[in-house]
Amino acid sequence: MNTYQKRLPAWLIFTLFLFAFPCNALAQDSTRDSLKLMIESLNLFIERQAVEKVYLQTDKPSYSAGDTLWFKAYLFKASYLEPSEKSGVLYVEIANDSNMVIKRIMSPVSGGRSAGQVTLGELEMPPGAYILRAYTNWMRDFGETYVFQKPFYIGDEKVNDWLVSYNTRILSNNGNNTLQLGLKLQQVDRTPVGLRELQIRLADGKHTWLRTNEDTNVDGLLNLNVDLPEKAETTSLNLFIQDRRKSAPKRTLVIPLSVNRPERLDLQFMPEGGDLVAGLPVRVAFKAVNEDGRGADVSGEIYNSKSLKITAFKSLHKGMGSFNFIPKAGESYFARVNLPNGKYRDYPLPLVKINGISLRVDNAFKSDSCEVTVRASPEMAGSNRIYYLIGQARGIACYGSAFNIQKGVARFKIANSLFPTGIARFTLTGQNKIALSERIVFIERADNLNLSTTQTKAFYSTRDSVSLQLKVSDTDGNPVQGSFSIAVTDDNQVKTDSLSDFSILNQMLLTSDLKGEIENPGYYMQDTRTARVWQDLDHLLLTQGWTGFEFAEVFKPVKNPKYQAETQFLIKGKVTNAFNKPISSSGVSLLSQKPYFVRETRTDERGDFYFEQIFPIDTAEFFIQAKNKNGKNFNVGIEMEEFVPPVFTASVQRLKPWYVNIDTSSLRTVDKKMSLKHAREKLTGTVLKEVVIKSKRIIKDSKNLNGPGEADFTITREELEKAGRTTLGDLLSKNIKSFRLQMTKGGRLYVIGDRKMHLIIDGINTEFYWNGEMPLHEYFKHFLEYYSAEEIKGIEVMTSKSYSYAARYLPPMEDPSFHSYIEVTTRSGSGPLLKKMVGTYVYRPMPFSLPKKFYSPKYIAGSTADGTDIRSTIFWEPDLITNKQGLANIKFFTADTPGNYSIIIEGTDLNGKLGYTRGKIIVK
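Throughout this document, residue positions are counted from 1 along each chain, in the order its sequence is written. Given that the model is predicted, a residue must reach a pLDDT of at least 70 before its local features are reported, and side-chain atom pairs must reach 80 or more before they are shown or counted; all residues, however, enter totals for whole chains, interfaces and linings. Derived side-chain values reflect all non-hydrogen atoms in the structure, with water molecules and hydrogen atoms excluded from consideration.

Trainee: Looking at this structure, how should I read the overall build of the protein chain?
Mentor: Of regular secondary structure, the protein chain possesses 10 helices and 53 strands. Projected onto its principal axes, the C-alpha coordinates of the protein chain cover approximately 90 × 85 × 75 Å. Per-residue burial over the protein chain gives 51% buried out of 924 residues. Contacts were defined at the residue level, with two residues in contact if any of their heavy atoms lie within 4.5 Å. Contacts in the protein chain between residues at least 24 apart in sequence constitute 69% of all its contacts with a sequence separation of at least 6. For accessible areas, the Shrake-Rupley method is used with a probe of radius 1.4 Å. Any residue's cover is judged against the shown protein chains and nothing else. Only carbon and sulfur atoms are counted for the fraction: they give 50% of the accessible area of the protein chain, which is about 44,500 Å². A helix here means a DSSP run of H or I that spans at least four residues, while a strand means a run of E at least two residues long, and both kinds are numbered starting from the N terminus. Each residue's exposure class comes from its accessible area (1.4 Å probe, protein chains only) as a fraction of the maximum for that residue type: buried when under 20%, exposed when over 50%, partly exposed otherwise.

Following this line, the structure appears as C-alpha cells:
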C-alpha cells in the first residue's frame, strides 16, 4: 500500500482500484489500463484542487436587536471532510436584505477550526432580515456553491408593536392584472388596530405602484385593489404602512409581499441522466417554482405533438416530482399544467434526440446497493464501443467499470458500502473521456458519529447547576475524540425547528453540493427518515443536483487559480517606478506602532515583497516605506495587494419580519418574551433610553460653506478610522441609504434621494475639472473609488435648503431643491488632484477578530430567581473536546425562566466523521 492510500479513509482504501466488467467482460489490458488511468487522474485532480467546505454553528437561529451572534466554524477538505490545511484565514460577513454587507470580520483558522462573535449593534443592524456568510479566499475559485450562507432575522419586539396578516390574490382580465390585498392589523395583545388612518405605499425598488391614505375598519381590516403591470418586479415588492396619527410614535412597517401570478409559474423538466432519447425509457424529474422562489404544488398531463395524452404528473414535495415514459422519434412533448384560476399553461419538454445513451440509478429506501441501468440506441451500442462508469463520492473515485452494450442495455448492482454517507455521483463516459450522462444519489451508511448526553437530574430548578456529560462513539461503539460545539437556548424565547435547521450533517453531506437554495434542509436529513422523505430527497437530487466540473477538465493542464489560498495573514505588495515597471532589490520597511516592531525585506525580480508571521488585531495600522536601489524614495511607488471582497448573488428568497403572518407557535414565543421583559422591568424599573444633548459634529479643517458642523449628516474621523480601507463610494452607500446611481432624463447620475449629487473635496468643486469627455457619473466614480476612509478626516452631507451650496455652485434660475452636496475633508487638505505620497503607504488591514468567552453566570446553591436573568442563550461553548473515552463534561446554570431548554451539539472527530444531536432540559 502506497503512502497516498495510507491517508485514505477506510471506505476508500478497498475500492480505490476496483474494476468491474459486468457486461461482456473486456479482458484487454489496454482497457483496464485506460480505466485505471482515468481513476488515478480524477483522484489526482481532486487532490490538487483541494476544495474546501465550511460550516458555522451559531448559538441560535434568530436574534434580538443588540444581541451578540456567537459562532464556531469548521473548515474541511471537501474530499475526506478532514480539517483543511489549505487556509488559515476565514472571512465571516453579514449582509442585509438588499445584499449590502454591513459587517465583515477576519477570523484565524487553526486545525480547520475557528470561533468568534459578531455584535449586532442596533444602529448598524436594525430589525430586519440578514444573511450570514463564511468563506475563504481559496473557495472563491470554485464559485458560490461551497460558501456557507444562512439567513436569520433580527427582531425588536415591543408591547405596542403591530402584527400584520395579509393575503394576496391576482385577478387577470384582458392582460391586465389587479392585485387584491387583504390586511389585518392588531397589536401584540390582539387588540385590533381599528379606525386608524394609514399611509399605504406599494413599491418594488424601482417604481411605486400605489400611494394612498386609507382607514382600517373597527376590526383592523383593510382591503385594497392595485393595478399591477406585467413589468412589476414581484420578487422585490414591499408594502409600507405608516401610522398617520400625529399623537402616535412614528411607525413604519415594511412588509415584503409574496405575490405569485399563476401564469408566471416556472416549471423545468430534467430527464434523468440528461437527455430524452427516442425509444429509451426515461424518468423525468420536474420542479415548479413560484415568483417568490419557493416550490409550488402542480399537477397536469403530458401530451405529444398530436395533443394525445401520454401520462399525468403531480408534485409530491416543494414542487418536485417525477414521471416515466418512452419518447418516440420525430415527436415533441409538452406539459399542460392546471392553474389555480381554472386556466392552464403549456410548458415544452426537452427535445428528443434520435441517438443517445441513458443512465438510470435506482437507490431504494434502506437498500444495501444501487441498481444502475445503462441503455443505448442501436447506433451507440455494439461490442466495438467501450464505455466507462465512474462512481465518485466527494470527488474521489470509489468505483470504476469498463463495459460495452451489445443488446441495448447494461445493468449493474453497486454496493453502497463502496461509498461514504453523502452524495455519490455516477458519470458515464465514452473512450474520449467526455461525460455522456450523469446522476447523483444519496448514500446512507448510518456511519455518522453517535452523540448522546446524560443528565444528573430529570428536571432542574431556576438558577440551578446543570451538569451534562457528552458521550461520542462510532458505529461500533468505540469512543471518539473530537471537537464539538454546544448551544443551549430557552424555548420560551428561541424557536428552533429541526426541519429547517442548518446542521453540520445537512450542510456537509447534502446542501453544499446542490445548486440553488434548499427549502427546509433539515427535512431531508431526519433521524427517522421515512420512505416518503427518501423519495423526496431523490427528487431534490434529480432537480437541484450539482454536476460539478466537466469530466474532461480532469485531463487538461492545471490552471493557475485566480484566488490564492491564505495559509496565514500576509502583507503583500509591489514596488514600481513612474513607468509602472517593477523595481527589484528595493528595500521595504514595515513599521507597526501597536504593538511596536520594525521589519525589513527586499523585493524580488518582479518587484514583489511580503511580510509574514503578522497577527493584526484591533485597529491595526502599518507604515510601509520603499526605497530605490540608491536608498532614495524618489520615483518609487507602492502598490499594495489588498483584500477585495467578493460580491455574492443576492438571495432569491426573502425572510418575512417576525410580525408578518405570524403562526401560533411563534406568537406564543413573542408573548413569553414580552412577559419576561415586562416582569424584569417591574423589578428593576423601566430603563429609559438616555437623552444626550450632543454638540455639533465638527470636522476639523472642513471647508464647509455653512460653517463647522452645519450639515444634515456627518461622518466623523472616529467612524472613518473604524472603516479602514473602505472606499468613499462604499462609505456613502453604507451610511446614506438613499445614495445611489440612478437613470435620469439627463443620463445616469449619482443622487441622494431625488437630488443630484455634487462632490466637493477640501472646498473644491470636482465638477470644475470635468471636461465632458466622459459621462459625469464615470468621472465621479473615479473619486469615489480613489479615496478611502483612511485618507479622509470627515464627510458632511447637505440635502436640505438650510445647508444648501446653491448660492455658490448653481445658476440663479436653477431650483436648489433638486441638488445635494457632499463635502469631503481629506487628511492632506489639498483638494481632489493631489496624488498619494511617493514611496510610502499607510496600510490598515482588516484585523483578526478573536473569540471572547461567553458569559455564563454562576449562582450559589439555593439562589432565588428574581426575574432579572432572562437570557435567551443559556450556554455557549465552541471548544468542547472529548477525551480518549469519548467523554466531555458540561456545566452551566439555568436562568430565571421555567420551561424547556433546547440543546444542540455538533462537531467532528477531525478524521472525516461528523456528529449532531438535539436534546431537552426541563426547568421547573
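Trainee: Explain helix α8 (residues 728-735) here, please?
Mentor: Where α8 is concerned, the buried positions are Leu728, Gly729, Leu731 and Leu732. Angularly, the buried residues of α8 cover 160° about the axis, an arc narrow enough to put them on a single face. Against α7 (717-723), β43 (739-744), β45 (755-761), α9 (776-786), β47 (792-798) and β48 (819-826) lie the buried residues of α8. The directions from the helix axis to the C-beta atoms form the arc being described.

Trainee: How should I be thinking about the pairing of strand β29 (residues 396-405) in this particular structure?
Mentor: Consecutive side chains of a regular strand alternate in pointing toward one face of the sheet and then the other. Here β29 lies mainly inside the structure; 10 of its 10 residues are buried. In this description, strands pair whenever DSSP reports at least two bridges between them. Taken together, the 8 bridges between strand β28 (residues 382-393) and β29 define a ladder with antiparallel strand orientation. Counted as the bridge partner of Ile390 is Gly400 from β29. Following β28, the chain reverses through 2 residues before pairing antiparallel with β29; Arg394 in that reversal takes a positive phi of roughly 60°.

Trainee: Just to check I follow, could you spell out the nonpolar core for this structure?
Mentor: Grouped burial of nonpolar side chains is what soluble globular proteins tend to show. The set of buried Ala, Val, Leu, Ile, Met, Phe, Trp, Tyr and Cys residues whose side-chain atoms join them within 4.5 Å is what this entry labels a nonpolar core. In terms of nonpolar packing, the biggest core is built from 79 residues, with Leu510, Ile571 and Ile624 touching the most fellow members. The biggest single contributor to this core is strand β4 (residues 68-77), with 6 residues. When near neighbours in sequence (up to four residues on either side) are disregarded, Leu510 contacts Ile423, Phe442, Leu505, Tyr524, Met525, Leu537, Leu540 and Leu541.

Trainee: So what exactly am I meant to see when it comes to empty space enclosed by the protein here?
Mentor: Empty space among the atoms becomes visible once a probe the size of a water molecule is rolled across them. Think of a 1 Å grid over just the protein atoms. A cavity is a set of points where a 1.4 Å probe fits yet cannot get out, a pocket is an open set with protein on both sides within 12 Å along at least five of seven lines, and lining residues have an atom within 4 Å of a point. Grid points are joined across faces, edges and corners, and a volume is the space filled by probe spheres set on the points. Enumeration according to the criterion identifies 8 cavities of 30 Å³ or more in this entry. Taken as a whole, the largest cavity encloses approximately 60 Å³ of empty space. Contributing to the lining of the largest cavity are 11 residues, with Arg394, Asp447, Asn448, Gly912 and Lys913 lying nearest its centre. Polar here means any residue outside two lists: the nonpolar Ala, Val, Leu, Ile, Met, Phe, Trp, Tyr, Cys and Pro, and the charged Asp, Glu, Lys and Arg; Gly therefore counts as polar. Of the residues contributing to the lining of the largest cavity, the split by class is 5 nonpolar, 3 polar and 3 charged. What lines the second largest cavity is Glu272, Pro281, Val282, Arg283, Ser358, Leu359 and Arg360. Elements supplying a minimum of two residues to the lining of the second largest cavity: β19 (282-289) and β26 (357-362).

Trainee: Help me understand the sheet that holds strand β41 (residues 637-640) in this model?
Mentor: One key point about sheets: their strands pair by backbone hydrogen bonds, in either a parallel or an antiparallel sense. With antiparallel pairing, the 3 strands of this open sheet are ordered in space as β39-β36-β41. Every other strand in the sheet has two partners, leaving β39 (608-611) and β41 as the edge strands with one partner each. In this sheet, adjacent strand axes meet at a mean angle of 30° when their direction is disregarded. Relative to β41, strand β36 (residues 571-576) is paired through 4 bridges, and the arrangement is antiparallel. Note that in β41 the partner of Lys574 across the bridge is Glu639. Note on definitions: angles span 0 to 180 degrees between N-to-C directions of axes, and those axes are lines fitted to C-alpha atoms, for helices only across the stretch in contact.

Trainee: Explain a nonpolar patch on the surface here, please?
Mentor: Patch building starts from residues that exceed 30% relative accessible area and form no salt bridge, then joins like charges within 9 Å and nonpolar side chains (Val, Leu, Ile, Met, Phe, Trp, Tyr) within 5 Å. A side-chain nitrogen of Lys or Arg and a carboxyl oxygen of Asp or Glu constitute a salt bridge if their distance falls within 4 Å. Taken together, the side chains of Phe615, Ile617 and Leu850 make up a nonpolar region of the molecular surface, amounting to roughly 250 Å² of accessible area. In this structure, Phe615 sits in the loop between β39 and β40 (622-627).

Trainee: Can you walk me through the confidence of the model for the protein chain in this structure?
Mentor: Residue-level confidence of the predictor is summarised by pLDDT, bounded by 0 at the bottom and 100 at the top. Mean pLDDT over the protein chain stands at 87; residues scoring 70 or higher make up 93%. Ignoring residues within four places in sequence, the model shows residues 1-8, a span with pLDDT below 50, making 15 contacts including any to other chains. Across residues 687-694, where pLDDT falls below 50, the model places 1 contact with residues more than four positions away in sequence or in other chains.

Trainee: Would you mind going over the environment of Tyr786 with me for this structure?
Mentor: Checked against the element boundaries, Tyr786 lands in helix α9. Judged by relative accessible area, Tyr786 falls into the partly exposed class, the value being 22%. Measuring from C-alpha to C-alpha, the distance between Tyr786 and Tyr333 comes to 56 Å, with 453 residues separating the pair along the chain.

Trainee: Even after reading the chapter, I still don't get the environment of Gln544, so can you show me in this structure?
Mentor: Topologically, Gln544 is positioned in helix α5 (residues 531-544). On the basis of relative accessible area, Gln544 is assigned to the buried category, the value being 8%. In sequence terms Gln544 and Ser830 are 286 residues apart; their C-alpha atoms lie 56 Å from each other. Each residue touching Gln544, except ones within four places of it in the same chain, is listed here: Lys287, Leu514, Lys515, Gly516, Glu517 and Ile518.

Trainee: Just to check I follow, could you spell out the pattern of salt bridges for this structure?
Mentor: Scanning the model with the defined rule gives 41 salt bridges in all. Between Lys793 and Asp701 there is a salt bridge, with the nearest N and O atoms lying 2.4 Å from each other. Of this pair, Lys793 sits in strand β47 while Asp701 sits in the loop between α6 (664-684) and β42 (713-715), placing them 92 residues apart in sequence. A residue is classified by how much of its surface remains accessible, and Asp701, at 44% relative accessible area, is partly exposed.

Trainee: Would you explain the packing of aromatic side chains in this entry?
Mentor: Centre distance and the angle of the planes are the two values used to describe a pair of aromatic rings. Aromatic rings from Phe, Tyr and Trp, taking only the six-membered ring of Trp, are treated as a pair when their centres fall within 6.5 Å; an angle between ring planes under 30 degrees marks them as stacked, one over 60 as edge-to-face, and anything in between as tilted. The final tally for this structure, using the stated rule, is 39 aromatic pairs. Ring centres 5.3 Å apart and planes at 80° place the aromatic pair Trp70 and Phe854 in the edge-to-face group. Highlighted residues: Trp70 in strand β4 and Phe854 in the loop between β49 (840-843) and β50 (873-881), separated in sequence by 784 residues. Between Phe609 and Phe611 the ring centres are 6.0 Å apart and the planes differ by 65°, which places this aromatic pair in the edge-to-face class. Classification of Phe609 as buried rests on a relative accessible area of 3%. By relative accessible area, Phe611 is classed as buried at 4%. Within the aromatic cluster, the residues linked to one another by ring pairs are Phe269, Phe286, Phe313, Phe323, Phe325 and Tyr333. A ring is considered to have a charge above it if a Lys NZ or an Arg CZ atom is located within 6 Å of its centre and within 35 degrees of its normal. Directly above the ring of Tyr303 sits Arg336, whose terminal nitrogen or CZ lies 5.5 Å from the centroid.

Trainee: What am I meant to see in the sheet that holds strand β10 (residues 162-173) here?
Mentor: Taken in spatial order, the 3 strands of this open sheet run β10-β11-β14, and their pairing is antiparallel. Looking at the sheet topology across the chains shown, the edges are occupied by β10 and β14 (221-227). Put simply, the sheet's adjacent strands are angled 20° from each other on average, direction ignored. Where β10 lies against strand β11 (residues 176-187), 12 bridges are found, and the strand directions are antiparallel. When the bridges of β11 are listed, Asn173 appears paired with Asn176.

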